[in-house]
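# Observations on chain architecture
Here is how the chains run, residue by residue.
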Amino acid sequence: DAGVIQSPRHEVTEMGQEVTLRCKPISGHDYLFWYRQTMMRGLELLIYFNNNVPIDDSGMPEDRFSAKMPNASFSTLKIQPSEPRDSAVYFCASSLWLTEVDTQYFGPGTRLTVL
Amino acid sequence: GESVGLHLPTLSVQEGDNSIINCAYSNSASDYFIWYKQESGKGPQFIIDIRSNMDKRQGQRVTVLLNKTVKHLSLQIAATQPGDSAVYFCAESSLGSWGKLQFGAGTQVVVTP
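Treat the numbers as computed from the prediction; the structure is a model and nothing was measured. (Residues numbered from 1 in each chain as written. Chains lettered and ligands numbered in written order. Predicted model: local features only at pLDDT ≥ 70, side-chain atom pairs only at ≥ 80, totals over all residues. Heavy atoms only, no water.)

All right, on to the overall build of chain A then. On a plain count of helices and strands, chain A comes out with 0 helices and 11 strands. Helices and strands in chain A line up, N terminus first, as β-β-β-β-β-β-β-β-β-β-β. What you see for chain A is a C-alpha radius of gyration of 13 Å, in line with the 13 Å of a compact globule of 115 residues. Along the first, second and third principal axes, the C-alpha set of chain A runs to 40 × 30 × 30 Å. Counting only residues that meet the buried cut, chain A has 49% of its 115 residues in that class. Partitioning the intrachain contacts of chain A with sequence separation of at least 6 by distance along the chain shows that 55% fall at a separation of at least 24. For chain A, the separation between the mean place of its 10 positive charges and that of its 14 negative charges on side chains is 6 Å. (Helix = DSSP H or I, 4+ residues; strand = E, 2+ residues; numbered from the N terminus. Rg over C-alpha atoms; globule rule 2.2 N^0.38 Å. Buried < 20%, exposed > 50% of the residue type's maximum accessible area, 1.4 Å probe, protein only. Contact = heavy atoms within 4.5 Å. Lys, Arg positive; Asp, Glu negative; His and termini not counted. Charge placed at Lys NZ, Arg CZ, Asp CG, Glu CD.)

Listed below in structure tokens is the structure:
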């Protein structure tokens with residue numbers, strides 16, 4: 001299995017630009033999660049989906065952030081407009097089902113730098 | 001969970017020795033706990049998990065201990081190897097909030113020859 005795939009691996013952009021991060025979950029997994037990791041705040045859950053439907057987006061920092069999952073094999077996290085404080089590593093994770101066994105498998109992450 | 005700060009706690013271990021990484025959690029309703037390992041430039045990797053109805057679980061070279069009385073979790077790594085050098089995170093979730101994993105700040109483990 002290829003695991004969770006994220007693209008791009010690195011993104012450098014200027015303040016005010018739109019940024020789109022992409023994720024392909026593990027085939028057959030029906031939960032998908034977006035996280036942000038910074039030194040100051042650690043790993044934070046932004047939003048998660050079940051069967052392509054957003055379940056909890058309470059971690060999304062503000063309206064500049066949006067996430068979609070148009071089908072079971074693809075999700076995007078968009079930031080518009082981007083700001084320097086959005087610089088972080090963004091991880092996508094997926095899991096087979098959400099029961100007591102909450103094993104989430106993480107992708108390699110996208111390192112975002114907003115200048 | 002652990003407080004978040006600019007500097008991760010660091011555990012320096014000699015190759016071949018056993019490592020013990022600790023984690024304190026604050027939510028008494030948490031009933032599922034996971035340890036993740038994160039190597040530089042990679043995403044967190046699942047190591048081992050434990051449910052609240054257990055106090056010990058063993059894997060390959062790793063053991064997780066759970067003390068619900070004092071809300072403490074530990075990860076023991078036997079015969080630590082250079083490949084064990086990484087940041088280790090504990091994560092917790094609770095009934096009704098599965099999926100909303102709360103991660104600790106992490107511990108940096110450095111294995112010295």
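From this point, things continue past the structure.
Attention shifts here to the sheet that holds strand β3 (residues 19–24) of chain A. Residues and elements named next belong to chain A. Pairing is antiparallel in the open sheet, where 4 strands are placed in the order β1-β3-β8-β7. Strands at the two margins of the open sheet, each flanked by one partner only, are β1 (5–7) and β7 (65–71). Here the strands of the sheet are splayed against their neighbours by 20° on average, with no regard to which way each runs. Sheet topology places β3 next to strand β8 (residues 74–79); 5 bridges connect them, and they run antiparallel. (Pairing = 2+ DSSP bridges. Axes fitted to C-alpha atoms, helices over the stretch in contact; angles between N-to-C directions.)

Before going further, it helps to spend a moment on the pairing of β7 of chain A. With 5 bridges joining them, β7 of chain A and β8 of chain A adopt antiparallel strand pairing. Considered in β8 of chain A, the bridge of Lys68 of chain A is made with Thr76 of chain A.

Residues and elements named next belong to chain A. Counting 21 residues, the largest nonpolar core has Trp34, Leu77 and Tyr90 as the members making the most contacts within it. Secondary structure elements with two or more residues in this core: β3, β4 (31–38), β5 (42–50), β7, β8, β9 (88–95) and β11 (110–114). Among residues more than four places away in sequence, those in contact with Leu77 are Val19, Thr20, Leu21, Trp34, Leu46, Met60, Ser66, Ala67 and Tyr90. (Core = buried A, V, L, I, M, F, W, Y, C linked by side-chain atoms within 4.5 Å.)

Further remarks concern the pairing of strand β6 (residues 62–67) of chain B. All names here are of chain B. Here strand β5 (residues 56–58) pairs with β6 via 3 bridges, running antiparallel. Note on β6: the bridge partner recorded for Gln58 is Thr63. Between β5 and β6, which pair antiparallel one after the other, the connecting turn spans 3 residues, and Arg61 there sits at a positive phi close to 65°. A loop of 4 residues connects β6 with strand β7 (residues 72–77), the two strands running antiparallel in sequence, and Lys71 in this loop sits at a positive phi of about 55°.

Residue and element names in this part refer to chain B. Spatially, the 4 strands line up as an open sheet ordered β2-β7-β6-β5, and their pairing is antiparallel. Taken across any chain shown, the strands that pair with only one partner, and hence form the sheet edges, are β2 (19–24) and β5. If you compare each strand with its neighbour and ignore which way they point, the axes differ by 15° on average.

Let's shift gears to the interface of chain B and chain A. Frequently, the measure chosen for interface size is the accessible area that the parts lose on association. Contact residues are listed per partner, giving 21 residues for chain B and 24 residues for chain A. Taking both partners together, chain B and chain A bury about 1900 Å²; carbon and sulfur atoms supply 58% of that area. Scanning the region where chain B abuts chain A turns up 1 salt bridge. At the level of elements, β3 (30–38), β4 (45–51) and β8 (86–94) of chain B are the ones that each hand at least two residues to the side of chain B that touches chain A. Ranked by residues supplied to the side of chain B that touches chain A, first place goes to β3 of chain B with 4 residues. In the side of chain B that touches chain A, the residues fall into 11 nonpolar, 6 polar and 4 charged. (Buried area = accessible area lost by both parts, 1.4 Å probe. Salt bridge = Lys/Arg side-chain N within 4 Å of Asp/Glu carboxyl O. Nonpolar A, V, L, I, M, F, W, Y, C, P; charged D, E, K, R; others polar.)

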